[in-house]
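Residues per chain are reported as follows:
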Amino acid sequence: MNRIAIAVASIWVALAHPLAAEEAEAVINVPPEGSVSTEDGLAAWERVYEVVSNPRCANCHTGPDNRPMWSGPSYGKTRPHGMNINAGESRMGAETLPCATCHITSDAPNTVPHAAPHVGLDWQLAPVEFEWFGKSSAEICAQLKDPERNGGRDMMGLAQHLVEDAAHKGFVLWGWSPGGTRVRAPYSLQQHVDDILAWGTAGQPCPTN
Amino acid sequence: MQLTVNGKTYEADVEDDMPLLWVLRDELGLTGVKYGCGIAQCGACTVHIDGMAVRSCQTLAGSLEPGAEITTIEGLGAPDALHAVQQAWVEHQVAQCGYCQSGQIMQAAALLDMNPEPSDEEIDLVMSGNLCRCGTYVRIRAAIHAAADKLKEA
Ligand code: FES
Ligand code: FES
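About the criteria used
- Residues numbered from 1 in each chain as written.
- Chains lettered and ligands numbered in written order.
- Predicted model: local features only at pLDDT ≥ 70, side-chain atom pairs only at ≥ 80, totals over all residues.
- Heavy atoms only, no water.
- Salt bridge = Lys/Arg side-chain N within 4 Å of Asp/Glu carboxyl O.
- Helix = DSSP H or I, 4+ residues; strand = E, 2+ residues; numbered from the N terminus.
- Buried < 20%, exposed > 50% of the residue type's maximum accessible area, 1.4 Å probe, protein only.
- Contact = heavy atoms within 4.5 Å.
- Axes fitted to C-alpha atoms, helices over the stretch in contact; angles between N-to-C directions.
- Parallel < 35°, antiparallel > 145°, perpendicular 65-115°, else oblique.
- Left-handed = near helix turned anticlockwise from the far one by under 90°.
- Nonpolar A, V, L, I, M, F, W, Y, C, P; charged D, E, K, R; others polar.
- Buried area = accessible area lost by both parts, 1.4 Å probe.
- Polar contact = N/O pair within 3.5 Å; in protein donor to acceptor, adjacent residues only side chain to side chain.

A.B. asks: Whenever I open this one, the pattern of salt bridges confuses me. Can you help?
C.D. replies: Pairing is possible between side chains of opposite charge, provided their charged atoms come close. Taken as a whole and assessed by the stated rule, the structure comprises eight salt bridges over all chains. Between Asp-195 of chain A and Arg-47 of chain A there is a salt bridge, with its nearest N and O atoms 2.9 Å apart. You can see Asp-195 of chain A sitting in helix H7 (residues 189-201) and its partner Arg-47 of chain A sitting in helix H2 (residues 38-52), a full 148 residues away along the chain. Between Arg-141 of chain B and Asp-120 of chain B there is a salt bridge, and its shortest N-O distance comes to 3.7 Å. Of this pair, Arg-141 of chain B sits in helix H6 (residues 137-153) while Asp-120 of chain B is found in helix H5 (residues 120-127), placing the two residues 21 residues apart along the sequence.

Below is the structure:
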């Protein structure tokens, strides 16, 4: 192989690597320690809450009944997912009807309104500890800062989780480009990562209501 | 692209974003698989990929794993050796107009593979994504129980 070919090959390797910088959908910029006041941290949290309570996120962050929800302007009224869907304790329908029956795994864009959306990861509900649907800002805040209920993550862990999911064209990224007539999550993925880090730097303050 | 359908290898010159449903029906002439909605709402287009029931209207040709084994209603059983689900369907005279039934049968066969003795509730959990405008649901359920018994005896 000549040198140009090697250079081209290594570019391909770099592009194919899911976390290569050229591909990153969002980057992690941690604010300097002590640079975010509690007040600004709470404001950042409120933006985080707007994202996580958006139908694009909350519809699949449901509780121990393992039923995804249909809510938001594209559905009209709030109701459980049609077709009597129950994702079971596997949270991906392994013991009932697998989510993948309809939600294929593909990073192709979602273009058809009302069709089953797809992402680059296998479709599933979030773990049951991450129950967000119908929960208050204070409740979700307490869950997200509790390593027992957030997958053992500190603020960096949370931010990395978002960035890595996005690098696989996963659910997080899809929330901002859901396709069809679905409402998208507010702000942007980068703003969301920045807000998680600002909230974390402020000491993860939570509203008290 | 190369596809394996019902144990046969086919060559199809299609775009990556063509739904498998159209590859099967329009390119390969396998018209047992039906188009009902194109948006994962009805189940008429259900086929198996590596034994799992999927909606072929949602499956993009380009998303198929190389070597994936696709099974359609044409390959589930043979006319002289019907699959237990097909036999039960005939015995219970399940079909009315028949349009939804190839999807129903493919979904039911996958259900029994996973759960050889489903309760009524388990049948409803798995089969509720397969709509029947003729309302044959009661016979579908009875035929699934009958097919389960047949498979147990076999
Ligand atoms: S045609 Fe695929 S689900 Fe209706
Ligand atoms: S038999 Fe007519 S749609 Fe089901």
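A.B. asks: Looking at this structure, I do not really get the side chain of His-81 of chain A. What am I missing?
C.D. replies: Residues and elements named next belong to chain A. Tracing the sequence through the fold places His-81 in the loop between strand E2 (79-80) and helix H4 (137-144). Residue classification places His-81 among the buried positions, given a relative accessible area of 15%. Residues within four places of His-81 in sequence aside, it is in contact with Pro-68, Met-69, Trp-70 and His-103.

A.B. asks: I would appreciate a short explanation of the packing of helix H3 (residues 84-91) of chain B against H6 of chain B in the present structure.
C.D. replies: Geometrically, a packed helix pair is captured by the angle between its two axes and the distance between the axes. All names here are of chain B. The N-to-C vectors of H3 and H6 enclose an angle of 130°; their axes lie 8 Å apart at closest approach. As the angle between them shows, H3 and H6 are arranged oblique. Crossing angle aside, the handedness with which H3 passes H6 is right-handed. Residues Ala-84, Val-85, Gln-87, Ala-88, Trp-89 and Glu-91 of H3 pack against Ile-140, Ala-143, Ile-144, Ala-146, Ala-147, Lys-150 and Leu-151 of H6. Here the residues of the contact of H3 with H6 sort into 10 nonpolar, one polar and two charged.

A.B. asks: Just checking my understanding: could you explain the interface of chain B and chain A for this structure?
C.D. replies: A common way to report how large an interface is uses the accessible area buried once the components associate. Contacts between the two partners involve 18 residues from chain B, matched on the other side by 22 residues from chain A. Both sides together, the interface formed by chain B and chain A hides about 1,600 Å², and carbon and sulfur atoms give 65% of it. Put simply, chain B and chain A have zero salt bridges between them. Our count for the contact surface shared by chain B and chain A stands at five residue pairs in polar contact (both at pLDDT 80 or more). Of all the secondary structure elements, the ones that give two or more residues to the side of chain B that touches chain A are strand E4 (52-55), helix H4 (101-114) and H5 of chain B. Examining the composition of the side of chain B that touches chain A, we find that four residues originate from one element, E4 of chain B, more than from any other.

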